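Structure at a glance
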Amino acid sequence: MPQQPQKPSFFDPLSGHPAGVGLGAGALSAVLYLAIQLASPGALIFAYLSPLPLYCVGLSLGTTAAMTAALTGTALAFVFGGFIDGLSYGLLNAGPAVLLIRLALQSRNDETGQTEWYPLGRLVAWLSVGAAIFFAGALTLAAVTGNGLWDGVAVFLDNMVSGLASDSGREPAPALRQLTAQASTWLPAMIGISWMTMQVINASLAQGLARRFGRNLRPSPDLAHFDVPGMLVYAVVAAGAASMLEGSLGLIARTLAVFAAYPFFFAGLAVVHALSRRLSARNILLAVFYVLLIMLGWPFLLVTGLGLMDQWIDFRKRFASAGNDLDNGPLDGS
């Protein structure tokens with residue numbers, strides 16, 4: 001059964017006129033984003049959470065409030081941060097948040113009359129599309145300025161390593177320079193993954209907060225039922241095959257393959273969550289699983305591969321037909 005919105009709590013920061021809440025949320029989001037100018041490691045955390053107020057008002061008060069917050073945050077970023085900060089905030093934070101909120105709040109009635117909300121898998125797929133668009137923009141900008149993207153990234157990382165080494169009065173070792181050059185080929189993909197993950201984390205936190213205060217406009221989705229649009233399978237295969245090409249074309253294809261494969265990581269998590277429901281100590285085992293996932297890193301590839309395999313094997317359906325009730329104990333939150 002879909003979750004029903006709870007009654008608002010006594011202390012509800014989302015109460016009040018939507019326009020006023022939107023203005024306040026936009027101002028808070030801009031402050032968090034501009035904290036990066038403090039040049040402190042802790043400021044990165046605030047900047048990473050800057051989309052959170054936008055998602056909070058959007059998922060609790062609707063698209064109009066989200067647009068109010070987005071426009072307010074963008075205007076303040078332009079005024080207090082300058083053109084570059086305002087443009088990057090609008091493109092990377094405000095615009096994607098409003099688009100995803102608008103899609104997330106779409107619903108329709110299925111054949112049985114039940115409310116069917118916009119699928120979670122398609123929302124994450126749109127993030128892959130967004131990362132690819134930003135990547136194309138970076139490639140275009142690099143071509144217009146006369147410097148190739150990969151050469152520019154390599155020079156940036158090499159200068160950073162050289163600067164750190166010079167602070168200690170040393171020259172960077174040749175092996176370190178070679179490692180830096182290799183890492184530069186993956187940096188655009190890693191930046192795209194970081195941006196997509198930032199949106200996922202903030203949207204998930206916002207949905208949890210909205211639900212906590214009884215303001216969630218849509219039920220919290222069930223991760224175990226996460227499905228990826230089938231077209232992304234072909235995108236991963238095509239981009240993966242093209243990544244074998246030499247030179248910049250191969251690097252571009254490899255980066256696009258990473259973006260296209262990103263939603264399949266969540267499909268792999270969906271399989272893990274669904275299959276864990278037949279275990280008595282599932283909460284403890286899931287906690288251990290996530291700790292190992294974060295600490296080791298490489299299991300991310302295994303989980304993504306599991307999500308890709310699920311498109312053909314359909315592990316959840318097979319285990320459901322074997323008597324495992326995947327609808328028993330739905331998960332809260334995304």
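Residues numbered from 1 in each chain as written. Predicted model: local features only at pLDDT ≥ 70, side-chain atom pairs only at ≥ 80, totals over all residues. Heavy atoms only, no water.

Two elements in contact, helix 3 (residues 52–61) and helix 5 (residues 83–104), have axes whose closest approach is 10 Å; the angle formed by their N-to-C orientations is 20 degrees. By the angle between their axes, helix 3 is roughly parallel relative to helix 5. As for how helix 3 packs across helix 5, the hand of that crossing is right-handed. Seen from helix 3, the contacting residues are Leu54, Tyr55, Gly58 and Leu59; seen from helix 5, they are Tyr89, Asn93, Ala94, Pro96, Ala97, Leu100, Ile101 and Ala104. The class makeup of the residues in the contact of helix 3 with helix 5 is 10 nonpolar, two polar and no charged. (Axes fitted to C-alpha atoms, helices over the stretch in contact; angles between N-to-C directions. Helix = DSSP H or I, 4+ residues; strand = E, 2+ residues; numbered from the N terminus. Parallel < 35°, antiparallel > 145°, perpendicular 65-115°, else oblique. Left-handed = near helix turned anticlockwise from the far one by under 90°. Contact = heavy atoms within 4.5 Å. Nonpolar A, V, L, I, M, F, W, Y, C, P; charged D, E, K, R; others polar.)

One non-glycine residue, aspartate 314, adopts positive backbone phi at about 55 degrees. Within the secondary structure layout, aspartate 314 lies in the loop between helix 13 (299–313) and helix 14 (315–321). With a relative accessible area of 29%, aspartate 314 lands in the partly exposed category. (Buried < 20%, exposed > 50% of the residue type's maximum accessible area, 1.4 Å probe, protein only.)

Before going further, it helps to examine the side chain of serine 276. For serine 276, the location among the structural elements is in helix 11 (residues 247–276). When its relative accessible area of 5% is taken as the criterion, serine 276 is described as buried. From its side chain, serine 276 meets the backbone oxygen of histidine 273 in a polar contact 2.7 Å long. Not counting residues within four places of it along the chain, the set of residues in contact with serine 276 comprises Arg282 and Leu286. (Polar contact = N/O pair within 3.5 Å; in protein donor to acceptor, adjacent residues only side chain to side chain.)

Within the secondary structure, aspartate 310 is located in helix 13. In this structure aspartate 310 comes out as buried when scored by relative accessible area, which is 5%. Of note is the side chain of aspartate 310, whose polar atom sits 2.7 Å from the backbone nitrogen of phenylalanine 315.

A rise of 1.5 Å per residue sets the reference length of helix 6 (residues 120–145), with its 26 residues, at 38 Å; its end C-alpha atoms lie 38 Å apart and thus fit the reference within 8%. Listed as buried for helix 6 are Leu120, Gly121, Leu123, Val124, Ala125, Leu127, Ser128, Gly130, Ala131, Phe135 and Ala142. Phi turns positive, to about 95 degrees, at glycine 146, one or two residues after helix 6. (Expected span 1.5 Å × (residues − 1).)

This brings us to the nonpolar core. Core analysis: the biggest nonpolar cluster contains 62 residues, and Tyr55, Leu123, Met196, Phe226, Phe264, Phe266 and Leu269 have the highest contact counts within it. Take this core: its biggest share by element is 11 residues, from helix 11. Excluding residues within four positions of it along the chain, leucine 269 makes contact with Leu223, Phe289, Tyr290, Leu293 and Val303. (Core = buried A, V, L, I, M, F, W, Y, C linked by side-chain atoms within 4.5 Å.)

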